[in-house]
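Fold and geometry: a report
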Amino acid sequence: MPAAPEPEILAAFEAAKGFMPLDEGLALYAAAVEAAGLGLPLLEVGTYCGRSTILLADAARRAGVTALTLDHHRGSEEQQPGWEYHDPETVDPETGLMDTLPTFRRTLHRAGLEEHVVALVGRSPQIAAFWNSPLGLVFVDGGHTDEHAGSDYEGWAPHVAEGGLLVIHDVFPDPADEFTGQAPYRVYLRALESRAFTEISDAGSLRVLRRTGTGR
Ligand code: SAH
Ligand code: MG
């Protein structure tokens, strides 16, 4: 049986704003629990309002490690005003810009998981440029352009430890199924082609790969 969250964690997850369906969230949780056993931090690219972060944070808590979650909190292209995935509640009235950081903090507080999480606020390539520490799991759920998804892969996959997991969200092999482009699918293909990663499971558009070789 894969590890499953306790009912109160599941309730907090389901109440949180975000883009992670339950079945994929459960697969992410099982992967995170397994990877946390390596004793290394777990890292998420794409916090948004903290929905998936709850799952990584609870997996980290169980193993006594830290969940890192990275976002500039200004939203992806498709979440901007006028676009399909825009939520007006995420706009800061003072700046007129999206700011999901306050909602994220409330989400984590409500779930009782603040102390297990470190939020990295900034652009993914800028933080990756000075990162130099192994990770038990990297969850790629950030921007969906080739530029963003590609640099998330290039910046973070090299830090997945041997035996650690690379989890990619929004992988749509069939262009008819995709909502926001196929860049995550192309990243998934790159990871497999690199021979550094081997697929171990999937759920919906979520793919779980294990580092079984060197490189990225
Ligand atoms: N994991 C979330 C959904 C993430 S949505 C959930 O479970 O609901 C994608 C997020 O990636 C957005 O919040 C956006 O601000 C962030 N993002 C996109 N490109 C980014 C980049 N280059 N650096 C940092 N964050 C980025
Ligand atoms: Mg996603």
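Summary of the structure given here. This structure is a prediction, so every number in the text was calculated from the model and none was measured.

Examining the overall build of the protein
- Counting its regular elements, the protein contains 7 helices and 7 strands.
- Moving toward the C terminus, one meets the helices and strands of the protein in the order α-α-β-α-β-α-β-α-β-α-β-α-β-β.
- By the compact-globule yardstick of 17 Å for 216 residues, the protein fits well, its C-alpha radius of gyration being 16 Å.
- Projected onto the principal axes, the alpha-carbon positions of the protein cover approximately 50 × 35 × 35 Å.
- Put simply, 71% of the contacts in the protein that link residues at least 6 apart link residues at least 24 apart.
- For the protein, the accessible surface area stands at approximately 10,000 Å², while carbon and sulfur atoms represent 52% of it.
- Distance between charge centroids for the protein: 5 Å, based on 16 positive and 32 negative side chains.

Let's talk about the nonpolar core
- Grouped together as the largest cluster of nonpolar side chains are 31 residues, with contacts concentrated most on Leu-42, Ile-54, Leu-137, Phe-139 and Val-167.
- Mapped onto this core, the elements with two or more residues apiece are helix 1 (7-15), helix 2 (22-36), helix 3 (51-63), helix 4 (101-111), strand 4 (135-140), strand 5 (160-168) and strand 7 (206-211).
- Residue contacts for Leu-137: discarding those within four places in its chain leaves Ala-31, Ala-32, Ala-35, Pro-41, Leu-42, Leu-43, Leu-56, Leu-165 and Val-167.
- Formed by 26 residues, the second largest nonpolar core is a distinct cluster that contains Ile-127, Ala-149, Ile-168 and Val-171.

Notes on the pairing of strand 6 (residues 197-203)
- Pairing analysis gives 6 bridges linking strand 6 to strand 7, with the strands arranged antiparallel. The residue bridging Glu-199 from the neighbouring strand is Leu-209, located in strand 7.
- In this structure, the hairpin formed by strand 6 and strand 7 is closed by a connection of 2 residues, where Gly-204 is found at a positive phi of approximately 55°.

A word on the packing of helix 1 against helix 3
- Closest axis-to-axis distance for the helix 1/helix 3 pair is 8 Å, and the angle between their directions is 160°. By the criterion of interaxial angle, the relationship of helix 1 to helix 3 is roughly antiparallel. Crossing of helix 1 over helix 3 shows right-handed handedness. Contacts between helix 1 and helix 3 involve Ile-9, Ala-12, Phe-13 and Glu-14 on the former and, on the latter, Arg-51, Ile-54, Leu-55 and Asp-58.

Quick look at the coordination of the magnesium ion (ligand 2)
- Taken together, Asp-141 (OD), His-169 (ND1) and Asp-170 (OD) make up the full set of protein donors to the magnesium ion (ligand 2), lying 2.0 to 2.3 Å away.
- The sequence motif formed by the donor residues of the magnesium ion (ligand 2) is D-x27-H-D. Here Asp-141 is found in the loop between strand 4 and helix 6 (146-156), whereas its partner His-169 is found in the loop between strand 5 and helix 7 (183-193), with 28 residues between them in sequence. Note on accessibility: Asp-141 and His-169 belong to one class, buried.

Considerations on helix 7
- Those residues of helix 7 that sit buried are Ala-183, Pro-184, Val-187, Tyr-188 and Ala-191. The buried residues of helix 7 occupy an angular sector of 145° when projected down its axis, which confines them to one face.
- For helix 7, the secondary structure elements touched by its buried residues are helix 6, strand 5, strand 6 and strand 7.
- Looking one or two residues beyond helix 7, the residue adopting positive phi is Arg-195, at roughly 65°.

What counts, and at which threshold
- Residues numbered from 1 in each chain as written.
- Chains lettered and ligands numbered in written order.
- Predicted model: local features only at pLDDT ≥ 70, side-chain atom pairs only at ≥ 80, totals over all residues.
- Heavy atoms only, no water.
- Helix = DSSP H or I, 4+ residues; strand = E, 2+ residues; numbered from the N terminus.
- Rg over C-alpha atoms; globule rule 2.2 N^0.38 Å.
- Contact = heavy atoms within 4.5 Å.
- Areas by Shrake-Rupley, 256 points an atom, 1.4 Å probe, with all protein chains shown as cover.
- Lys, Arg positive; Asp, Glu negative; His and termini not counted.
- Charge placed at Lys NZ, Arg CZ, Asp CG, Glu CD.
- Core = buried A, V, L, I, M, F, W, Y, C linked by side-chain atoms within 4.5 Å.
- Buried < 20%, exposed > 50% of the residue type's maximum accessible area, 1.4 Å probe, protein only.
- Pairing = 2+ DSSP bridges.
- Axes fitted to C-alpha atoms, helices over the stretch in contact; angles between N-to-C directions.
- Parallel < 35°, antiparallel > 145°, perpendicular 65-115°, else oblique.
- Left-handed = near helix turned anticlockwise from the far one by under 90°.
- Donors = N, O, S within 2.8 Å, 3.2 Å for Na, K, Ca; no water.
- Arc of directions from axis to C-beta.

Don't take any of this as a statement about function, it's just geometry.
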